[in-house]
Amino acid sequence: VRLSEELEFVKNYVAIENVRFANNIQIEVLNKIENIHNIFVPKFSIQLLVENSIKHNNPSRKILSIAILIEKTTDNLQITVQDNGKGVKDFKFGLGLSNLQERVRLLNNGQLENLQNESGAIFQILLKEKYENLDN
């Protein structure tokens, strides 16, 4: 899907979750790309990472801040999702993250990286090719 559509999915999902968690979820999108309408990402890829942040933290007890950074590197589109949650020392990919990792690899010759630490979670989606619509 277009990156702009994926970000709309995420904003709508967080709006619904904020009804449940009394507006304790804050989301910020830092976009460093000019035209996100020509960028394509696997459907629900960013939304899954945001959903994991909410699932593994408890926004009913404290405010959960989630930042999404979108930027191009030399060879990749890099999407970073970071939260201020509790973090985990020994993190393992479950079914959802394993499926996302495989979709990113198959669709975009990319990868999903976990930079988990004790002060929150950081995930990066690296898309190496076929993420831009060059016809527009």
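For the structure itself, look to the data block above.
What counts, and at which threshold
Residues numbered from 1 in each chain as written. Predicted model: local features only at pLDDT ≥ 70, side-chain atom pairs only at ≥ 80, totals over all residues. Heavy atoms only, no water. Helix = DSSP H or I, 4+ residues; strand = E, 2+ residues; numbered from the N terminus. Contact = heavy atoms within 4.5 Å. Areas by Shrake-Rupley, 256 points an atom, 1.4 Å probe, with all protein chains shown as cover. Axes fitted to C-alpha atoms, helices over the stretch in contact; angles between N-to-C directions. Parallel < 35°, antiparallel > 145°, perpendicular 65-115°, else oblique. Left-handed = near helix turned anticlockwise from the far one by under 90°. Nonpolar A, V, L, I, M, F, W, Y, C, P; charged D, E, K, R; others polar. Buried < 20%, exposed > 50% of the residue type's maximum accessible area, 1.4 Å probe, protein only. Pairing = 2+ DSSP bridges. Right-handed = clockwise from strand over helix to strand, strands pointing away. Core = buried A, V, L, I, M, F, W, Y, C linked by side-chain atoms within 4.5 Å.

Student: I would appreciate a short explanation of the overall build of the protein chain in the present structure.
Tutor: Counting its secondary structure elements, the protein chain contains three helices and five strands. When the elements of the protein chain are put in sequence order from the N terminus, they spell out α-β-α-β-β-α-β-β. In the protein chain, 66% of the contacts between residues at least 6 apart in sequence involve partners at least 24 apart. Surface accessibility of the protein chain: about 7,800 Å² in total, with carbon and sulfur atoms responsible for 47%.

Student: Could you clarify how one ought to interpret the packing of helix H2 (residues 45-55) against helix H3 (residues 95-108) in this entry?
Tutor: When two helices pack together, their arrangement is captured by the angle between the axes and the distance separating the axes. Two elements in contact, H2 and H3, have axes whose closest approach is 11 Å; the angle formed by their N-to-C orientations is 155°. By the angle class used here, H2 and H3 are roughly antiparallel. Once H2 is placed against H3, the crossing between them reads as left-handed. Contact residues: Ser45, Leu48, Leu49 and Asn52 in H2; Gly96, Leu97, Leu100 and Arg103 in H3.

Student: Explain the packing of helix H1 (residues 3-20) against H2 here, please?
Tutor: The N-to-C vectors of H1 and H2 enclose an angle of 25°; their axes lie 8 Å apart at closest approach. Classified by the angle their axes make, H1 and H2 are roughly parallel. At the point where H1 passes H2, the crossing takes the right-handed sense. Of the residues in H2, those touching H1 at Leu3, Glu6, Leu7, Val10, Tyr13, Val14 and Glu17 are Ser45, Ile46, Gln47, Val50, Glu51 and Ile54. Taken together, the residues of the contact of H1 with H2 break down into eight nonpolar, two polar and three charged.

Student: Can you help me understand the environment of Glu51 in this one?
Tutor: Structurally, the position occupied by Glu51 is in helix H2. You can call Glu51 partly exposed: its relative accessible area is 31%. Residues Glu51 and Glu17 lie 34 residues apart in sequence; the distance between their C-alpha atoms is 9.3 Å.

Student: Would you take a moment to explain the pairing of strand S2 (residues 64-72) for this structure?
Tutor: Put simply, side chains in a regular strand alternate between the two faces of the sheet. Here strand S1 (residues 25-31) pairs with S2 via seven bridges, running parallel. Counted as the bridge partner of Asn31 is Ile70 from S2. One crossover worth recording links S1 to the parallel S2 by way of H2, and it is left-handed. Alignment of S2 against strand S3 (residues 77-83), held across seven bridges, turns out to be antiparallel. Residue Ala67 lies in a different strand from S3, and its bridge partner there is Gln82. A loop of four residues connects S2 with S3, the two strands running antiparallel in sequence.

Student: Even after reading the chapter, I still don't get the nonpolar core, so can you show me in this structure?
Tutor: Side chains of nonpolar character tend, in soluble globular proteins, to be buried together. One finds Leu3, Ile46, Val50 and Ile79 to be the most contacted residues of the largest nonpolar core, which totals 31 residues. Of all the secondary structure elements, the ones that give two or more residues to this core are H1, H2, S2, S3, H3 and strand S5 (122-127). If near-sequence neighbours (up to four positions away) are discounted, Ile79 is found in contact with Leu3, Val41, Ile46, Ile68, Leu69, Ile70, Phe123, Gln124 and Ile125.

Student: How should I be thinking about the sheet that holds S1 in this particular structure?
Tutor: Taken in spatial order, the five strands of this open sheet run S1-S2-S3-S5-S4, and their pairing is mixed. Strand pairing shows two members of the sheet lacking a second neighbour, S1 and strand S4 (111-114), which therefore form its edges. When strand polarity is set aside, the average angle formed by the axes of neighbouring strands in this sheet is 15°. Sitting on the sheet, H3 is in contact with S4 and S5, with an inclination near 20° to S5.

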